[in-house]
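Below are the chains, spelled out letter by letter.
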Amino acid sequence: MLTQHAPTLWTIDHALTVGGFLPMGTRTTVLRIGDGRLVVLAPGDLAEADIAAVRALGTVAAVVAPNLLHHMFLAKAAAAFPGAEVWAAPGVEKKVKVAVTHVFDGRGGPWGDSLAVHALAGAPKLGETVVFDPASRTLVVTDMCFNHRDVEGWFARINLQMLDAYGKFGPSWLMRNVYIGDKAAFRKSVDHVLDWDFERVVLTHGEIVQSGGRDGLREAFAYLG
C-alpha cells in the first residue's frame with residue numbers, strides 16, 4: 001500500500017525474506033521533485049496496484065538503486081516506468097539485466113536542487129548514496145541504518161539480535177564491521193549528512209523514524225568519535 005507521509009513523500013512496504021529464513025522486509029520510497037515528477041528509490045517488488053498508485057501521482061523521472069545490495073527489483077521498476085532514467089550505485093550495472101543510464105554517486109540528477117544526495121565515503125563494499133528531501137525534512141537511507149522494533153517469531157528476533165539490528169535505530173554489526181572500511185572517511189560522511197536539517201528518517205529495513213531522526217543518527221554513529 002502506498003502511504004503518504006508528507007506532500008513530497010510516499011513509501012511502500014514489502015515483505016522480504018533474506019537467505020530463505022530471515023524476514024527483513026524492505027521499503028520503496030517515492031519523492032516528488034521540484035518539477036512535479038517523481039523519483040523511486042530502492043524499489044522493492046512492486047505489485048500492479050503499487051505501480052498504478054505511483055503512476056497516479058505523476059510521471060516518474062528516475063528509478064534508483066542506491067547501493068550495491070538493493071538492485072533485485074530495479075529491472076522490474078524500470079519496466080514499470082519505461083520513460084524513467086535508471087540510476088544505480090557504481091558496480092550495480094554489472095549485476096542487473098537492465099541498462100543503467102546514470103551512476104548514482106552524489107553528483108547530478110533530474111532532481112536538480114530539489115534533493116541533496118551524498119555518496120557515503122569509506123564503505124566501498126556497500127557503495128551507498130543517501131538522499132535528503134528538504135521539503136519534507138526527510139533523510140532516506142538504505143542499509144546505513146536499521147530500525148527493527150518488532151518482528152514475528154523468536155527465530156527472526158534472535159537472528160536480528162545477533163546482527164545487532166533489533167530494538168534500536170542505528171548501524172548493524174555488518175555495517176560497522178564489514179561494510180565500513182575507513183572509519184575516518186565514513187565519519188566525515190556522517191558529519192556531512194548531519195549538516196542537513198532533517199527530522200524524519202526513512203529506512204529500507206525497519207520502522208520509519210518520524211521525529212528526532214537527526215539526533216538519533218548522531219547518537220548512532222557517536223562510536224566513530
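The following paragraphs examine the structure supplied in this document. Only a predicted model underlies this, so the values are computations on that prediction, with no experimental measurement involved.

With that out of the way, let us pick up the sheet that holds strand S9 (residues 102-103). The 7 strands lie next to each other as S1-S2-S5-S6-S7-S8-S9, forming an open sheet whose pairing is mixed. Here the strands that pair on one side only, and so sit at the sheet edges, are strand S1 (2-6) and S9. Contacting S1, strand S2 (9-14), strand S5 (26-32), strand S6 (38-41) and strand S7 (60-65), helix H1 (residues 48-57) runs over the sheet at an angle of about 175° to S2.

All of the buried residues along helix H6 (residues 213-220) are Gly 213, Gly 216, Leu 217 and Ala 220. The buried residues of H6 all sit within an arc of 100° when viewed along its axis, so they share a single face. When the buried face of H6 is taken as reference, the exposed residues oriented beyond 90 degrees from it are Asp 215 and Glu 219. For H6, the elements touching its buried residues are strand S12 (138-140), helix H5 (183-194) and strand S13 (200-202).

Here we come to unusual backbone geometry. Where the residue is not glycine, phi is negative for most of them; where a peptide bond is considered, it is trans in most cases. In this structure, Ala 42 is a non-glycine residue whose phi angle is positive, near 45°. Among the secondary structure elements, Ala 42 is positioned in the loop between S6 and H1. Although it is not a glycine, Arg 137 adopts a positive phi angle of roughly 50°. Residue position: Arg 137 is located in the loop between strand S11 (129-133) and S12.

Take the packing of aromatic side chains next. Applying the stated criterion across every chain yields a total of 6 aromatic pairs. When the centroid spacing of 5.0 Å and the interplanar angle of 55° are considered together, the rings of Trp 87 and Trp 111 count as tilted. With Trp 87 in strand S8 (residues 85-88) and Trp 111 in the loop between S9 and strand S10 (116-119), this residue pair connects regions lying 24 residues apart in the sequence. Accessibility assignment for this pair places Trp 87 and Trp 111 in one class, buried. When the centroid spacing of 5.6 Å and the interplanar angle of 50° are considered together, the rings of Phe 186 and Phe 221 count as tilted. On the criterion of sequence distance, the pair formed by Phe 186 in helix H5 and Phe 221 in the segment after H6 is long-range, its members being 35 residues apart. Across this residue pair, the class does not change: Phe 186 and Phe 221 are buried. Following the ring pairs from residue to residue traces out a cluster consisting of Trp 87, Phe 104 and Trp 111.

If you walk through the whole model with that rule in mind, you get 9 salt bridges. A salt bridge links Asp 35 to Arg 37; its shortest N-O distance comes to 2.8 Å. Judged by relative accessible area, which is 48%, Asp 35 ranks as partly exposed. Of the charged contacts in the structure, one is a salt bridge between Arg 187 and Asp 191, with a shortest N-O distance of 2.8 Å. A residue pair is termed a helical-turn pair when its members lie 3 or 4 positions apart in one helix, as Arg 187 and Asp 191 do in helix H5 at 4 residues. Connected through salt bridges with shared partners, the residues Arg 137, Asp 197, Glu 199 and Arg 214 form a single ionic network.

With respect to the helices and strands, the residue Asp 133 is situated in strand S11. We classify Asp 133 as buried; its relative accessible area is 1%. A sequence separation of 20 residues divides Asp 133 from Asp 113, and the C-alpha atoms of the two residues are 9.7 Å apart.

To continue, consider the side chain of Ser 172. With respect to the element layout, Ser 172 can be found in the loop between helix H3 (154-162) and helix H4 (173-179). With relative accessibility at 5%, the residue Ser 172 sits in the buried group. Here the side chain of Ser 172 touches Met 175 through a polar contact of 3.1 Å, landing on its backbone nitrogen.

Calculation rules
Residues numbered from 1 in each chain as written. Predicted model: local features only at pLDDT ≥ 70, side-chain atom pairs only at ≥ 80, totals over all residues. Heavy atoms only, no water. Pairing = 2+ DSSP bridges. Helix = DSSP H or I, 4+ residues; strand = E, 2+ residues; numbered from the N terminus. Contact = heavy atoms within 4.5 Å. Axes fitted to C-alpha atoms, helices over the stretch in contact; angles between N-to-C directions. Buried < 20%, exposed > 50% of the residue type's maximum accessible area, 1.4 Å probe, protein only. Arc of directions from axis to C-beta. Phe/Tyr/Trp six-rings, centres within 6.5 Å; stacked < 30°, edge-to-face > 60°. Salt bridge = Lys/Arg side-chain N within 4 Å of Asp/Glu carboxyl O. Polar contact = N/O pair within 3.5 Å; in protein donor to acceptor, adjacent residues only side chain to side chain.

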